[in-house]
Amino acid sequence: MYINNQASLDAYSRLTDGVEAALDEADQFAAENEKRYTHEEVFANLRRKING
């Protein structure tokens, strides 16, 4: 079976471009700020937001 590689690359790009942009933004923020959060801090905050 013939697979159109360009179509596959285009589809992959559509799926990942938003994720790549968000990761780039997070990297930039981290480079400009010294504050770091532990796993526990991040997920405790997330649970509070979800559970109200």
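Up top is the structure.
A few points on the structure. (Residues numbered from 1 in each chain as written. Predicted model: local features only at pLDDT ≥ 70, side-chain atom pairs only at ≥ 80, totals over all residues. Heavy atoms only, no water.)

### Considerations on the side chain of Thr16
Along the polypeptide, Thr16 turns up in helix α1 (residues 5-32). Reaching out from Thr16, the side chain makes a polar contact with the backbone oxygen of Tyr12 at a distance of 3.0 Å. (Helix = DSSP H or I, 4+ residues; strand = E, 2+ residues; numbered from the N terminus. Polar contact = N/O pair within 3.5 Å; in protein donor to acceptor, adjacent residues only side chain to side chain.)

### With respect to α1
With 28 residues, α1 should cover 40 Å at 1.5 Å per step; its first-to-last C-alpha distance of 38 Å lies within 8% of that length. Within α1, the axis deviates most sharply at Thr16, by approximately 45°. (Expected span 1.5 Å × (residues − 1). Bend = angle between axes of the 7 residues up to and from the residue.)

### Comments concerning a negative patch on the surface
A cluster of like negative charges, contributed by Asp17, Glu20, Asp24 and Asp27, occupies part of the molecular surface. Along the chain, Asp17 turns up in helix α1. (Patch = residues over 30% accessible without salt bridge, like charges linked within 9 Å, V, L, I, M, F, W, Y side chains within 5 Å. Areas by Shrake-Rupley, 256 points an atom, 1.4 Å probe, with all protein chains shown as cover. Salt bridge = Lys/Arg side-chain N within 4 Å of Asp/Glu carboxyl O. Lys, Arg positive; Asp, Glu negative; His and termini not counted. Charge placed at Lys NZ, Arg CZ, Asp CG, Glu CD.)

### Observations concerning a nonpolar patch on the surface
On the surface, Tyr37, Val42, Phe43, Leu46 and Ile50 cluster together into a nonpolar patch covering about 510 Å² of accessible area. Relative to the helices and strands, Tyr37 is located in the loop between α1 and α2 (39-51).

### Brief notes about the packing of aromatic side chains
In this description, an aromatic ring pair is defined by two values, namely the gap between the centres and the angle between the planes. Going through the model one piece at a time under the given rule, you end up with 0 aromatic pairs. Positioned over the ring face of Tyr37 is Lys35, at 4.9 Å from the centre of the ring. (Phe/Tyr/Trp six-rings, centres within 6.5 Å; stacked < 30°, edge-to-face > 60°. Lys NZ or Arg CZ within 6 Å of the ring centre and 35° of its normal.)

On their own, these measurements won't tell you what the molecule is for.
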